[in-house]
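Chains, contacts and geometry: an overview
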Amino acid sequence: MELFDSLKQKISGLNKTIVFPEGEDVRIIGAASRLAADKLLQPVLLGNVDTIKATAADKGFDLSDLTLVDPTNVSADEKQKMLDALVERRKGKNTPEQASKMLEDPNYWGTMMVYLGEADGMVSGAAHPTGDTIRPALQIIKTKPGVKRISGYFVLLKDDKRYFFADSAINIDLDAEGIAEVAVESAQTAKLYDIDPKVALLSFSTKGSAKADVVTKMQEATKLAQAAAPDVPIDGELQFDAAVVPEVAASKAPGSPVAGQANVFIFPELDSGNIGYKIAQRLGGFEALGPLLQGLNKPVSDLSRGANEEDVYKVAIITAMQSVEL
Ligand SMILES: CC(C)(COP(=O)(O)OP(=O)(O)OC[C@H]1O[C@@H](n2cnc3c(N)ncnc32)[C@H](O)[C@@H]1OP(=O)(O)O)[C@@H](O)C(=O)NCCC(=O)NCCS
Ligand SMILES: CC(=O)OP(=O)(O)O
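Residues numbered from 1 in each chain as written. Chains lettered and ligands numbered in written order. Predicted model: local features only at pLDDT ≥ 70, side-chain atom pairs only at ≥ 80, totals over all residues. Heavy atoms only, no water.

As named in an unreviewed UniProt entry, the chain is Phosphate acetyltransferase, taken from Secundilactobacillus similis DSM 23365 = JCM 2765. The UniProt entry for the chain carries the following comment under Catalytic activity (unreviewed entry): "acetyl-CoA + phosphate = acetyl phosphate + CoA". Here is the UniProt Sequence similarities (unreviewed entry) comment for the chain, exactly as written: "Belongs to the phosphate acetyltransferase and butyryltransferase family." (UniProt positions renumbered as here; feature names shortened; annotations may be inferred.)

Now the structure itself:
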């Protein structure tokens, strides 16, 4: 089944509420009005209500099934309730004055809605850098039990090809233990997208062909990941060609259960992970869904600032699906 048919099936009839803190953005308004018209979920747009209405009228978007909320214009009781909950959550970390300032940022308001169960998930980042979009989730929603760190992934799609890239969004330079956790978590997450995971830990070296600390890191990460998930095909360190081209795999990594057929790619640090997905997207012609987060207690999804309306539409569907599957 086509990926989005299966994702839509998973959320059909559940009427999940997804909050969009960048409610004034034309890409968000367009995607949200389609999501509501397609009866896939219940969008809540945050922002100035008059601005949202004017943009929708200008573009011919139907707002009738959308909820519009201006966090700067809610009742004093509502504002106080939100502030009290944030102060409580950030006790020992932020002062009440800091919490009050944080709530002026719609990403904090939206994240609090998810934390308090007023929304099932959040989609933001079309107009905010990743750090500003997801920091509220790291601070408030936090990791799910058993997970040490949140990481970011992309699903890359083209024709019948489906790949999983991580960490391409969050952790700047993980150690071997961190990379191993991302590898094991990614194998699990990939199954949400009907990917039968074959996990390659990537490097500029294959099976010791080069010597460097960064190579040793991926070798150690491979051992840790294999020990943590013995039933999952995981191998490293592999160069990208050895990971995906069977003929290259046969000469560089003979006997590997992953080389030549990898579909989950684990990068050594964020430079290569983020650059790598953008090359696949912009030069390779792959559709890139994400950055999506794994390891969070409730779903919050980021968008690239280069996202278009269709990206927002699809990431919102994935976010609603995550609220069912998490
Ligand atoms: C994610 C990121 C914003 C966190 O940076 P930061 O806010 O300076 O991080 P801090 O160390 O101050 O941590 C802030 C909070 O988040 C938590 N946190 C940070 N990284 C985390 C992770 N990977 N998993 C779980 N929690 C995390 C910290 O524990 C801390 O929580 P606390 O305030 O309750 O103690 C930063 O790593 C970053 O900018 N990453 C790159 C994002 C990016 O630009 N990607 C490219 C485009 S997609
Ligand atoms: C994922 C990503 O690179 O985000 P942005 O383009 O917003 O920096």
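Moving on: the site of ligand 1. Lining the immediate surroundings of ligand 1 are 18 residues, of which Lys 93, Arg 135, Lys 142, Ile 150 and Ala 169 lie closest. In the environment of ligand 1, an oxygen atom lies 2.8 Å from a nitrogen or oxygen atom belonging to the side chain of Arg 90. A distance of 2.5 Å separates an oxygen atom of ligand 1 from a polar side-chain atom of Arg 135. Contact with the protein chains covers 63% of the free accessible surface of ligand 1, which is 950 Å². Contributing elements (two or more residues each) for the shell around ligand 1: helix H7 (130-141) and helix H12 (270-282). Examining the composition of the shell around ligand 1, we find that six residues originate from one element, H7, more than from any other. Taken together, the residues of the shell around ligand 1 sort by class into seven nonpolar, six polar and five charged. (Near = heavy atom within 4 Å. Polar contact = N/O pair within 3.5 Å; in protein donor to acceptor, adjacent residues only side chain to side chain. Areas by Shrake-Rupley, 256 points an atom, 1.4 Å probe, with all protein chains shown as cover. Helix = DSSP H or I, 4+ residues; strand = E, 2+ residues; numbered from the N terminus. Nonpolar A, V, L, I, M, F, W, Y, C, P; charged D, E, K, R; others polar.)

Our focus in this paragraph is the nonpolar core. Core analysis: the largest hydrophobic core is formed by 58 residues, its most contacted members being Phe 20, Tyr 193, Leu 201 and Ile 266. Top element by residues in this core is helix H13 (residues 309-325). It accounts for eight residues. Apart from the residues within four sequence positions on either side, Tyr 193 is in contact with Leu 3, Tyr 153, Val 155, Arg 162, Leu 292, Ile 318, Met 321 and Gln 322. Listed in part, the 27 residues of the second largest apolar core include Met 82, Leu 86, Ala 119 and Ile 141. (Core = buried A, V, L, I, M, F, W, Y, C linked by side-chain atoms within 4.5 Å. Buried < 20%, exposed > 50% of the residue type's maximum accessible area, 1.4 Å probe, protein only. Contact = heavy atoms within 4.5 Å.)

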